[in-house]
Amino acid sequence: MLCACSGEQFKFEETPRSPESLATRDFSASGLSSRTNGDWDTKFQDIQVDEVESTLKEALSLNYEEARALLGRLEYQRGNFDAALQVFQVIDVKSLIPRMSKAILERTRQRKTRSKGDNLPSSIMSMHSVSLLLEAIYLKAKSLEELGLAKEAARECKIILDTVESALPNGMPESSIEDCKLQEILHKALELLPILWKQAGLLVEAITAYRRALIRPWNLEPRRLAYLQQELATLLLYGGIEASLPNKTNAEEAILLLRILMEKVANQETEWDPQIIDHLTFALSISNQFEFLANHIEESLPSTFHRVERWFSLALCYSAEGQYETAINLLKKVLSFTSSKQKTQSLALLLGAKLCCADRNYAQEGIKFAQKATGFDDFLNGHFMGLAKRLLGICYGNAAKVSVSDSDRALCQKEALNYLNQSALIDKEDAEVIFALGLENAVQRNLAEAFNNAILFSQMVGGSSGKGWKLLASIVSAEKRFHDAEMIVDIALDEVGKIDQLELLRLKAVLQIAQEQPKQAIETYRILLGMIQAQRELQSVNSNSELLEGQNLETEAWQDLANIYSSLGSWLDAEICVNKTKSIEFYSPRSWHSTGKLFEAQLLYKEALVALSISLSIEPDFVPSIVSTAEIIMKLGSETVLPIARSFLMNAVRLEPTNHKAWLNLGWVSKMEGSIQQAADYFQAAYELSISSPVQDFV
């Protein structure tokens with residue numbers, strides 16, 4: 001039945017004298033020999049018979065390995081994985097690998113390298129034989145996988161890649177393979193190998209396998225290529241291991257892969273998968289690339305996001321970048337979309353209130369956001385209702401700081417404590433509520449309550465929060481217990497992280513200044529600046545907010561040093577410190593304020609007024625510069641300028657009612673004007689505020 005190309009009838013050997021004849025006998029016994037007249041297996045398809053016939057016609061004879069490969073395929077198709085594995089194990093793969101590699105190399109050369117009349121030696125295997133044997137290795141790996149031997153299966157599957165890769169080190173160009181079956185087996189092996197490594201728990205090997213599949217052009221169809229890219233990105237992001245390339249982290253490699261996929265989707269080269277944008281969002285978030293993520297969301301196709309989801313996601317991105325005004329405007333668009341879900345609106349209101357808490361100028365808008373959020377009783381229960389009340393209390397506290405009238409300020413302060421206490425009752429396990437309550441009590445100079453809240457907060461977080469220790473030390477310093485406050489800072493330095501340590505070191509230096517210990521303060525500032533420099537050199541700052549915080553601390557440290565040296569009369573050192581602050585942040589009101597204070601200490605009042613005016617031109621509501629300007633005007637000694645000084649001081653009191661220096665200078669102005677009783681009242685207010693004033697602002 002099965003004839004060779006020469007037309008001669010193919011006959012099997014009668015006697016099993018060699019391994020090849022044994023294979024032939026086994027093959028005949030399976031019902032495929034022309035001498036067998038039994039019924040065909042009902043599961044054996046005609047296409048399989050055609051493949052067998054094609055093999056025999058091409059090879060003129062069926063060698064031992066090819067027969068075993070066919071027998072193993074039949075057993076695998078029947079689901080007899082143990083039997084298939086036994087058949088495949090007899091094949092001597094190691095001895096066949098060089099022959100298969102040579103055959104692939106010779107038969108995939110460009111046709112122009114040999115003439116049409118050239119024929120390959122008969123010793124070179126046909127591509128059909130190579131495909132048959134590689135398929136046997138692939139099915140052996142699948143059989144091992146079915147039997148739960150993933151690691152052994154991966155090793156077998158790797159043989160296919162090693163064989164083809166040794167013949168085609170530069171990949172598989174299009175139209176270079178005579179037999180499409182070989183290409184299909186290779187593609188299946190490229191997909192299977194990383195899966196097997198993952199099943200074996202060897203994730204580093206799985207990542208290497210994915211990279212191996214993607215690094216060379218294997219002529220993969222777009223769907224398979226996109227699948228491998230997405231799987232590699234997913235494993236890099238969530239695998240929990242670091243298998244980064246040189247100068248590139250796991251997240252950076254994943255971002256690159258996902259961006260390629262997004263570009264393919266935009267060009268309609270592959271189908272859209274919503275998981276791609278989810279993975280990209282996660283990758284960019286953990287890399288602190290929120291602005292880039294926002295740009296990507298804005299540039300994505302309209303069908304990718306619902307408009308409300310797009311606005312809310314953009315608001316999250318811009319809020320993470322510190323662009324609160326843009327984020328708040330986007331949240332307003334979310335809330336204006338009446339058909340948006342109640343849950344989305346509730347989350348938008350909570351986020352809006354939280355963003356408004358960060359800037360006292362948005363206090364009134366924050367109150368509106370939080371009040372609306374408390375109206376969603378069905379969704380906002382338990383923790384979320386407590387969160388809404390907490391944000392409402394914080395916004396009222398901020399509103400008190402910008403209130404013009406005393407009555408409005410008192411009302412806002414009362415409401416702030418009221419809502420914070422309500423939040424503490426609703427969510428008793430929320431440490432942030434206790435901290436907010438302690439901070440508001442401290443601002444309102446309820447120091448005993450604030451101290452208890454700070455202690456409770458530290459206990460709830462296990463003493464690991466830097467802001468809790470800082471609040472506690474500030475409260476103690478407001479009670480003029482500077483030594484105790486410094487001891488608290490020393491304890492805290494051993495309990496908190498690097499960023500918090502920097503803030504606490506500055507607080508320690510300020511406490512040493514308050515105790516009239518300038519030498520110790522200078523040494524503390526030296527340590528602080530050294531740590532900031534080391535952190536910058538090690539590039540250990542991971543986000544823009546941390547970078548900005550470190551820069552602000554460095555600026556404040558140089559400013560404090562300038563003030564110390566000015567008080568000691570060391571003008572050259574003070575000038576060096578002032579110039580250093582300007583080199584870090586030239587357009588900073590604090591930098592120009594320090595410059596003005598230096599000129600004032602040198603009795604250069606006109607130069608001091610110029611520097612302070614520059615400070616106020618940068619930030620008109622910068623209270624220290626307002627008070628210092630009034631002080632210099634008073635020192636000029638002319639009664640005609642006293643109303644100007646009073647105007648500056650009244651503005652300072654409006655902006656910061658607890659600033660005892662402003663009240664003190666108001667008393668001096670009133671005394672110089674002859675208003676003795678009014679001066680006494682101002683002096684009394686200044687004294688009462690000074691005895692409860694911390695070395696640093698609570699907020």
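Residues numbered from 1 in each chain as written. Predicted model: local features only at pLDDT ≥ 70, side-chain atom pairs only at ≥ 80, totals over all residues. Heavy atoms only, no water.

### Focus: the overall build of the protein chain
Line of reasoning, step 1. A tally of regular secondary structure across the protein chain gives 33 helices and zero strands.
Line of reasoning, step 2. The proportion of buried residues among the 699 residues of the protein chain is 48%.
Line of reasoning, step 3. Of the contacts formed within the protein chain by residues at least 6 apart in sequence, a portion of 60% connects residues at least 24 apart.
Line of reasoning, step 4. Working note: accessible area of the protein chain is about 35200 Å², and carbon and sulfur atoms make up 52% of it. (Helix = DSSP H or I, 4+ residues; strand = E, 2+ residues; numbered from the N terminus. Buried < 20%, exposed > 50% of the residue type's maximum accessible area, 1.4 Å probe, protein only. Contact = heavy atoms within 4.5 Å. Areas by Shrake-Rupley, 256 points an atom, 1.4 Å probe, with all protein chains shown as cover.)

### Topic: the confidence of the model for the protein chain
Line of reasoning, step 1. Of the residues in the protein chain, 86% have a pLDDT of 70 or more, and the chain-wide mean is 83.
Line of reasoning, step 2. Note that pLDDT drops below 50 for residues 1-47; the model gives that stretch 58 contacts with residues more than four away or on any other chain. (pLDDT = per-residue confidence, 0-100.)

### A few points about the packing of helix α14 (residues 307-320) against helix α16 (residues 342-357)
Line of reasoning, step 1. Taken N-terminus to C-terminus, the directions of α14 and α16 make an angle of 20 degrees; their axes are 11 Å apart at the nearest point. Accordingly, the angle class assigned to the pair α14 and α16 is roughly parallel. You can see that α14 and α16 cross each other, and the crossing is left-handed. Residues Val-308, Phe-312, Ala-315, Leu-316 and Ser-319 of α14 form the contact with α16, whose own contacting residues are Thr-344, Leu-347, Ala-348, Leu-351 and Leu-355.
Line of reasoning, step 2. Class assignment of the residues belonging to the contact of α14 with α16 gives a composition of eight nonpolar, two polar and no charged. (Axes fitted to C-alpha atoms, helices over the stretch in contact; angles between N-to-C directions. Parallel < 35°, antiparallel > 145°, perpendicular 65-115°, else oblique. Left-handed = near helix turned anticlockwise from the far one by under 90°. Nonpolar A, V, L, I, M, F, W, Y, C, P; charged D, E, K, R; others polar.)

### Brief notes about the pattern of salt bridges
Line of reasoning, step 1. In total, this model carries 28 salt bridges according to the counting rule given.
Line of reasoning, step 2. With its nearest N and O atoms 3.2 Å apart, the salt bridge here joins Asp-162 to Lys-158. Here the residue Asp-162 and the residue Lys-158 both occupy positions in helix α7 (residues 150-167), the gap between them amounting to four residues, near one helical turn.
Line of reasoning, step 3. Residue classification places Lys-158 among the partly exposed residues on the basis of a relative accessible area of 32%.
Line of reasoning, step 4. The salt bridge partner of Glu-365 is Lys-332, with a shortest N-O separation of 2.8 Å. (Salt bridge = Lys/Arg side-chain N within 4 Å of Asp/Glu carboxyl O.)

### Overview of a nonpolar patch on the surface
Line of reasoning, step 1. Taken together, the side chains of Tyr-238, Phe-282 and Ile-286 make up a nonpolar region of the molecular surface, amounting to roughly 280 Å² of accessible area.
Line of reasoning, step 2. Position of Ile-286 relative to the elements: it lies in helix α12 (residues 274-286). (Patch = residues over 30% accessible without salt bridge, like charges linked within 9 Å, V, L, I, M, F, W, Y side chains within 5 Å.)

### Details of the environment of Ile-614
Line of reasoning, step 1. Positionally, Ile-614 belongs in helix α29 (residues 605-618).
Line of reasoning, step 2. Under the relative-accessibility criterion, Ile-614 is labelled partly exposed at 27%.
Line of reasoning, step 3. The spatial distance from the C-alpha of Ile-614 to the C-alpha of Tyr-587 is 9.0 Å, given a sequence separation of 27 residues.

### Concerning the environment of Gln-551
Line of reasoning, step 1. Its place among the elements puts Gln-551 in helix α26 (residues 544-567).
Line of reasoning, step 2. Apart from residues no more than four positions distant in its own chain, Gln-551 is found in contact with Ile-584 and Glu-585.

### Here we look at helix α24 (residues 498-514)
Line of reasoning, step 1. The end-to-end C-alpha separation of α24 is 25 Å, in line with the 24 Å expected for 17 residues at 1.5 Å each.
Line of reasoning, step 2. Among the 17 residues of α24, twelve are classified as buried, and the element is accordingly described as predominantly covered.
Line of reasoning, step 3. Listed as buried for α24 are Ile-499, Leu-502, Glu-503, Leu-504, Leu-505, Arg-506, Leu-507, Lys-508, Ala-509, Val-510, Leu-511 and Gln-512.
Line of reasoning, step 4. Immediately beyond the C-terminal end of α24, within one or two residues, lies Glu-516, with a positive phi of roughly 60 degrees. (Expected span 1.5 Å × (residues − 1).)

### Considering the environment of Gly-375
Line of reasoning, step 1. By secondary structure assignment, the location of Gly-375 is in the loop between α17 (363-373) and α18 (383-402).
Line of reasoning, step 2. Judged by relative accessible area, Gly-375 falls into the exposed class, the value being 53%.
Line of reasoning, step 3. Between the alpha carbons of Gly-375 and Ala-388 there is a distance of 9.8 Å; along the sequence they are 13 residues apart.

### A closer look at the packing of aromatic side chains
Line of reasoning, step 1. As enumerated under the stated definition, the model contains nine aromatic pairs in all.
Line of reasoning, step 2. Taking 5.7 Å as the distance between ring centres and 5 degrees as the angle between the ring planes, the aromatic pair formed by Tyr-396 and Tyr-419 counts as stacked. Taken as a pair, Tyr-396 in helix α18 and Tyr-419 in helix α19 (residues 406-426) lie far apart in primary sequence, 23 residues in all.
Line of reasoning, step 3. Under the relative-accessibility criterion, Tyr-396 is labelled buried at 13%.
Line of reasoning, step 4. The exposure class of Tyr-419 is buried, given its relative accessible area of 16%.
Line of reasoning, step 5. Summarising the aromatic geometry, the rings of Phe-435 and Phe-457 are spaced 5.2 Å apart at their centres and angled 50 degrees between planes, so their arrangement reads as tilted. (Phe/Tyr/Trp six-rings, centres within 6.5 Å; stacked < 30°, edge-to-face > 60°.)

### Let's talk about the packing of helix α22 (residues 466-478) against α24
Line of reasoning, step 1. At a minimum axis separation of 10 Å, α22 and α24 run at an interaxial angle of 10 degrees. Relative to α24, the element α22 is oriented roughly parallel. From α22, Gly-466, Trp-469, Lys-470, Ala-473, Ser-474 and Ser-477 reach across to α24, where they touch Asp-500, Glu-503, Leu-504, Leu-507 and Leu-511.
Line of reasoning, step 2. Residue composition of the contact of α22 with α24, grouped by class: five nonpolar, three polar and three charged.

### Here's the deal with the side chain of Glu-554
Line of reasoning, step 1. With respect to the helices and strands, Glu-554 occurs in helix α26.
Line of reasoning, step 2. Under the relative-accessibility criterion, Glu-554 is labelled buried at 10%.
Line of reasoning, step 3. When sequence neighbours within four positions are dropped, the list of residues in contact with Glu-554 reads Leu-529, Ile-532, Arg-536 and Ile-584.

### Here we look at the nonpolar core
Among soluble globular proteins, nonpolar side chains are generally buried collectively.
Line of reasoning, step 1. Ranked by size, the top nonpolar core spans 114 residues in total, and within it Met-100, Ile-104, Val-130, Leu-134, Ile-160, Val-164 and Trp-218 carry the most contacts.
Line of reasoning, step 2. A total of eleven residues in this core trace back to one element, the largest contributor, which is helix α6 (residues 127-146).
Line of reasoning, step 3. Counting 49 residues, the second largest nonpolar core, distinct from the first, contains Ala-442, Ile-475, Leu-504 and Phe-698. (Core = buried A, V, L, I, M, F, W, Y, C linked by side-chain atoms within 4.5 Å.)

### Brief notes about helix α32 (residues 660-673)
Line of reasoning, step 1. Its 14 residues place the ends of α32 20 Å apart at the C-alpha level, agreeing with the 20 Å of an ideal helix rising 1.5 Å per residue.
Line of reasoning, step 2. On the buried face of α32, the contacting elements are α30 (623-635), α31 (642-655) and α33 (676-690).

### Some points on the side chain of Ser-465
Line of reasoning, step 1. Note on placement: Ser-465 falls in the loop between α21 (447-460) and α22.
Line of reasoning, step 2. Among all residues touching Ser-465, those that are not within four sequence positions of it are Phe-457 and Val-496.

### A short note on unusual backbone geometry
Line of reasoning, step 1. Phi is positive for Asn-288, close to 60 degrees, though the residue is something other than glycine.
Line of reasoning, step 2. In this fold, Asn-288 is placed in the loop between α12 and α13 (290-299).
Line of reasoning, step 3. With a relative accessible area of 25%, Asn-288 lands in the partly exposed category.
Line of reasoning, step 4. Even without a glycine there, the phi angle at Arg-445 is positive, about 65 degrees.
Line of reasoning, step 5. Structurally, Arg-445 is set in the loop between α20 (431-443) and α21.

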